[in-house]
Amino acid sequence: MKQNVRLIAALVLIGAVWALTFPLTKIAVLGGYRNFGIIFWSSSIAIIILGGIVALRGLRLPLHRGALGRYAFVAFFGTILPSALTYTAAEHLPSGVISVTMSIIPMVALPLAIAVGLDRATWGRVLGLALGLLGVLLMTLPETSLPDPATAIFIPLALLAVLCYAIEGVGLGRRRA
């Protein structure tokens, strides 16, 4: 029971931190910070912290050809490209729109996983995808959520970031399968 409480608390904390990502992104880009500067510093801090944890645990980072290819894949599709797209979109879109747009990553990943044979389609999943996508569209359409409908041209940037994250997840799953 105690373990479950800790896991639930950890899940709530992780969710709260993730929820802060998009308002903080908006603050950073409105403060004049640029895409690749944010990507560089956030990645550098993560490398230092996680590298320290790996070193303290006495583990070694695999550096063989396959691992290096995986690292490059994650760097490109999981960090550099989607972050640059998200930061650019955040300059023009409300953080709520970006948050809701990012929530469709699983809705994009499932059809990709089905296409490459990692998962299978069922009527329930297809209906769930359609209803979820409809809900997201209702929340993000320019008439309902954007202060200026002209900023709708930046929604495709956020959607491209979603596609990158979905490709990353499916690509890593495929390499493991």
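Note: the structure precedes this text.
Residues numbered from 1 in each chain as written. Predicted model: local features only at pLDDT ≥ 70, side-chain atom pairs only at ≥ 80, totals over all residues. Heavy atoms only, no water.

Draft legend 1. Region of interest: the overall build of the protein chain. Helix and strand counts for the protein chain come out as eight helices and zero strands. Secondary structure elements in the protein chain, listed N-terminal to C-terminal, are α-α-α-α-α-α-α-α. Each principal axis of the C-alpha distribution contributes one length, and for the protein chain these read about 55 × 45 × 40 Å. Relative to its full complement of 177 residues, the protein chain shows a buried share of 26%. A total accessible area of about 11600 Å² is found for the protein chain, and carbon and sulfur atoms account for 74% of it. Averaged over its 13 positive side-chain charges, the protein chain has a centre that lies 22 Å from the centre of its 5 negative ones. (Helix = DSSP H or I, 4+ residues; strand = E, 2+ residues; numbered from the N terminus. Buried < 20%, exposed > 50% of the residue type's maximum accessible area, 1.4 Å probe, protein only. Areas by Shrake-Rupley, 256 points an atom, 1.4 Å probe, with all protein chains shown as cover. Lys, Arg positive; Asp, Glu negative; His and termini not counted. Charge placed at Lys NZ, Arg CZ, Asp CG, Glu CD.)

Draft legend 2. The arrangement of the environment of Tyr-33 in detail. Structurally, the position occupied by Tyr-33 is in the loop between α1 (2-30) and α2 (35-56). Looking at Tyr-33, the relative accessible area reads 55%, which means it is exposed. On a C-alpha basis, the gap between Tyr-33 and Val-74 in space is 23 Å, while along the polypeptide they are 41 residues apart.

Draft legend 3. Quick peek at the pattern of salt bridges. Inspection of every chain in the model, using the stated rule, returns two salt bridges. A salt bridge links Glu-91 to Arg-34; the shortest N-O distance between them is 3.2 Å. Separated by 57 residues along the polypeptide, Glu-91 in the loop between α3 (65-90) and α4 (95-102) and Arg-34 in the loop between α1 and α2 bring together distant segments of the chain. Residue Arg-125 pairs with Asp-119 through a salt bridge whose shortest N-O separation is 2.4 Å. Arg-125 sits in the partly exposed class, given a relative accessible area of 34%. (Salt bridge = Lys/Arg side-chain N within 4 Å of Asp/Glu carboxyl O.)

Draft legend 4. Region of the structure containing the side chain of Thr-101. With respect to the element layout, Thr-101 can be found in helix α4. Ignoring sequence-local partners within four residues, the contact set of Thr-101 consists of Thr-140, Ala-158, Leu-159 and Val-162. (Contact = heavy atoms within 4.5 Å.)

Draft legend 5. Region of interest: the packing of aromatic side chains. Using the criterion set out here, one finds four aromatic pairs in the structure. Look at Phe-73 and Phe-77: their rings are 5.2 Å apart centre to centre, the planes differ by 50 degrees, and that puts the pair in the tilted class. Here Phe-73 pairs with Phe-77, and both are found in helix α3, just four residues apart, close to one helical turn. The class for Phe-73 is buried, based on a relative accessible area of 15%. Residue classification places Phe-77 among the partly exposed positions, given a relative accessible area of 21%. (Phe/Tyr/Trp six-rings, centres within 6.5 Å; stacked < 30°, edge-to-face > 60°.)

Draft legend 6. Representation of the nonpolar core in the model. In terms of nonpolar packing, the biggest core is built from 23 residues, with Val-29, Tyr-87, Ala-89, Leu-93, Ile-98, Met-102 and Leu-146 touching the most fellow members. Elements with a contribution of two residues or more to this core: α1, α2, α3, α4 and α8 (155-176). The residues contacting Leu-93, other than those within four sequence positions of it, are Lys-26, Ile-98, Leu-146, Thr-151, Phe-154 and Ile-155. (Core = buried A, V, L, I, M, F, W, Y, C linked by side-chain atoms within 4.5 Å.)

Draft legend 7. The arrangement of the environment of Arg-70 in detail. The residue Arg-70 is located in helix α3 in this model. On the accessibility criterion, Arg-70 (34% relative accessible area) is partly exposed. When the C-alpha positions of Arg-70 and Glu-168 are compared, they lie 9.9 Å apart, and in sequence the two are 98 residues distant.

Draft legend 8. Quick look at a nonpolar patch on the surface. Side chains of Leu-127, Leu-131, Leu-133, Leu-134, Leu-137, Leu-138 and Leu-141 sit close together on the surface and give an oily, nonpolar patch of about 640 Å² of accessible area. Assignment of secondary structure puts Leu-131 in helix α6 (residues 123-140). (Patch = residues over 30% accessible without salt bridge, like charges linked within 9 Å, V, L, I, M, F, W, Y side chains within 5 Å.)

Draft legend 9. Up close: the layout of surface pockets. Taken as a whole, the largest pocket spans an internal volume of roughly 570 Å³. Taken together, 15 residues make up the lining of the largest pocket; nearest its centre are Ser-43, Ile-47, Leu-50, Leu-61 and Tyr-71. Of all the secondary-structure elements, those providing two or more residues to the lining of the largest pocket are α2 and α3. The element that contributes the greatest number of residues to the lining of the largest pocket is α2, accounting for eight residues. Size it by volume and the second largest pocket reaches roughly 360 Å³. For the second largest pocket, the full set of lining residues is Trp-18, Thr-21, Phe-22, Thr-25, Ser-42, Ser-83, Thr-86, Tyr-87, Met-102, Ile-105 and Tyr-165. (1 Å grid on protein atoms, 1.4 Å probe; cavity = no way out; pocket = protein on both sides within 12 Å on 5 of 7 lines; lining within 4 Å. Points joined across faces, edges and corners; volume = space filled by probe spheres on them.)

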